[in-house]
There are 2 protein chains.
Amino acid sequence: MFSQTVEYALRAVVHLAYEAPDARTTAQIADATLVPKDYLAKVVQGLARAGVVRTQRGVGGGVVLSRDPAAITILDVVNAVEPLGRISTCPLGLRAHGVRLCPLHKRLDDALATVEAAFRSTTLADVLAEPTESVPLCDTGPALKLKVRGKGPA
Amino acid sequence: MFSQTVEYALRAVVHLAYEAPDARTTAQIADATLVPKDYLAKVVQGLARAGVVRTQRGVGGGVVLSRDPAAITILDVVNAVEPLGRISTCPLGLRAHGVRLCPLHKRLDDALATVEAAFRSTTLADVLAEPTESVPLCDTGPALKLKVRGKGPA
DNA sequence: TGTAAATCGGACTTTAAAGTCCGAATTACT
DNA sequence: AGTAATTCGGACTTTAAAGTCCGATTTACA
């Protein structure tokens, strides 16, 4: 239902939010989020073009969120890489005379609107602040609460 | 967001519901719904395998809804051709230890759940019974209320 | 100024969705 | 039995998404 690209973009920004305000290289992000490195590079470019992240070339460079995690919504991220595609005109290309969609596509668009609203009302900060003691991005093992960096196991 | 295949399947069944209980050939459905005929044939096969429609070969054959339009939901149709893909396990393949998803994927799955619920609670009869005077499938011109068949204009 | 670290951007390959084609099988009717 | 109407199913082509590769460019720092 959601494309790989959207999935990858979300993983990346959540990871960046988690590490904020530090910058991360795409290689680091790819490592942490299990996204193919070279493909992630493209996705990040999309996020940069849309103003969700800022990138910096050269030594010490990398990727940073362009705003506070509380000011970036899931919808911002989704729309940056692959707009949600609300249905505004008749997909059959018939004379939709402006506003009204047929009952079928009205229902479909309603569903999209619900998703859009949910995404718009959820910020990266919200995702990180989840009241449970679980860590973002699914690496919720037996509740280890430490913020572990590096790659070596213990 | 929704695939072409899902879109086509929905157009087909809505059209069938509109013409119910008469059978329609795939060629007729394709004509009416502006779906590529040969591709629609495949989609209809999927619907048939899932038990949403029944097909009949030979002269006088065609496609019919297998149940009353009030007993077929949008979700039935969607799941028949391309399951909605609720997120039940961690997409990163990490040890999701059963139930709990990370906050991010929990949100995504919540959105999917909302869509699923909306689709489950909408039947084809609901779509046709829309309180407005509009006709299914977007051919809502200047409120012509007649059920026009054939292909000639006027 | 040289070098290593990093993104950029274009070309390419792979995979899956969408679409096309057509002969085989089934069926109703005369 | 013959014929026309229909779906079935497999092979094929096309298109777009996903993924890979690598040289060019930018940057920090010794």
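Residues numbered from 1 in each chain as written. Chains lettered and ligands numbered in written order. Predicted model: local features only at pLDDT ≥ 70, side-chain atom pairs only at ≥ 80, totals over all residues. Heavy atoms only, no water.

(A) Fine view of the protein's contact with DNA strand C. DNA strand C sits among 24 residues. The nearest are Thr26, Lys42 and Thr55 of chain A together with Thr5 and Tyr8 of chain B. Near the protein, meaning within 4 Å, the atoms of DNA strand C are sugar or phosphate in a fraction of 65%, with bases accounting for the rest. Here a phosphate oxygen of DNA strand C sits 2.7 Å away from a polar atom, N or O, in the side chain of threonine 55 of chain A. In the environment of DNA strand C, a base oxygen lies 3.3 Å from a nitrogen or oxygen atom belonging to the backbone of valine 59 of chain B. Listing elements by their share of the surface near DNA strand C, those giving two or more residues are α3 (37-49), β1 (53-56) and β2 (62-65) of chain A together with α1 (4-19) and α3 (37-49) of chain B. (Near = heavy atom within 4 Å. Polar contact = N/O pair within 3.5 Å; in protein donor to acceptor, adjacent residues only side chain to side chain. Helix = DSSP H or I, 4+ residues; strand = E, 2+ residues; numbered from the N terminus.)

(B) Examining the nonpolar core more closely. Of all hydrophobic cores here, the largest spans 80 residues; its most connected members are Leu47, Val53 and Phe119 of chain A together with Val53 of chain B. When near neighbours in sequence (up to four residues on either side) are disregarded, valine 53 of chain A contacts Val13, Leu16, Val44, Leu47, Ala48, Val63, Val64, Leu65 and Ser66 of chain A. (Core = buried A, V, L, I, M, F, W, Y, C linked by side-chain atoms within 4.5 Å. Buried < 20%, exposed > 50% of the residue type's maximum accessible area, 1.4 Å probe, protein only. Contact = heavy atoms within 4.5 Å.)

(C) Examining the pattern of salt bridges more closely. Counting across every chain of the model gives 16 salt bridges over all chains. In this structure, arginine 11 of chain B engages glutamate 7 of chain B in a salt bridge whose closest nitrogen and oxygen atoms are separated by 2.7 Å. Taken together, the residues arginine 11 of chain B and glutamate 7 of chain B, both in helix α1 and four residues apart, mark about one turn of the helix. One network of salt bridges, with partners in common, ties together Arg86, Asp109, Glu116 and Arg120 of chain A. (Salt bridge = Lys/Arg side-chain N within 4 Å of Asp/Glu carboxyl O.)

(D) Molecular detail of helix α5 (residues 103-120) of chain B. For α5 of chain B, spanning 18 residues, the distance from its first C-alpha to its last is 25 Å, which sits close to the expected 26 Å at 1.5 Å a residue. All buried positions along α5 of chain B are accounted for by Pro103, Leu104, His105, Leu108, Asp109, Ala111, Leu112, Val115, Glu116 and Phe119 of chain B. Where α5 of chain B is buried, its residues touch α1 (4-19), α4 (74-81), α5 (103-120) and α6 (124-128) of chain A together with α4 (74-81) of chain B. (Expected span 1.5 Å × (residues − 1).)

(E) A look at the protein's contact with DNA strand D. In the vicinity of DNA strand D, 22 residues are found, and the nearest of them are Thr5 of chain A together with Thr26, Lys42, Thr55 and Arg57 of chain B. In DNA strand D, atoms within 4 Å of the protein come from the sugar-phosphate backbone in 65% of cases. The side chain of arginine 57 of chain A places a nitrogen or oxygen atom 3.4 Å from a base oxygen of DNA strand D. Within the side chain of arginine 57 of chain B, a nitrogen or oxygen atom sits 2.7 Å from a sugar or linking oxygen of DNA strand D. When contributions to the surface near DNA strand D are tallied by element, the ones reaching two or more residues are α1 and α3 of chain A together with α3 and β1 (53-56) of chain B. Of the residues in the surface near DNA strand D, the class split is five nonpolar, 12 polar and five charged. (Nonpolar A, V, L, I, M, F, W, Y, C, P; charged D, E, K, R; others polar.)

(F) Examining the confidence of the model for chain A more closely. Across chain A, the average pLDDT comes to 86, with 80% of residues at 70 or higher. This model gives residues 141-154 of chain A a pLDDT under 50, and the stretch forms 13 contacts once residues within four places in sequence are excluded. (pLDDT = per-residue confidence, 0-100.)

(G) Summary view of the packing of aromatic side chains. Residues and elements named next belong to chain B. Evaluated as defined, the whole model comprises four aromatic pairs over all chains. On the numbers, 5.7 Å between centres and 40° between planes, the contact of phenylalanine 2 with phenylalanine 119 is tilted. Here the residue phenylalanine 2 occupies a position in the segment before α1, and phenylalanine 119 occupies one in helix α5, the gap between them amounting to 117 residues. Exposure remark for phenylalanine 119: the relative accessible area of 3% places this residue in the buried category. Where tyrosine 8 meets tyrosine 39, the ring centres are 6.0 Å apart and the plane angle is 75°; that geometry is what we call edge-to-face. Here tyrosine 8 is found in helix α1, whereas its partner tyrosine 39 is found in helix α3, with 31 residues between them in sequence. (Phe/Tyr/Trp six-rings, centres within 6.5 Å; stacked < 30°, edge-to-face > 60°.)

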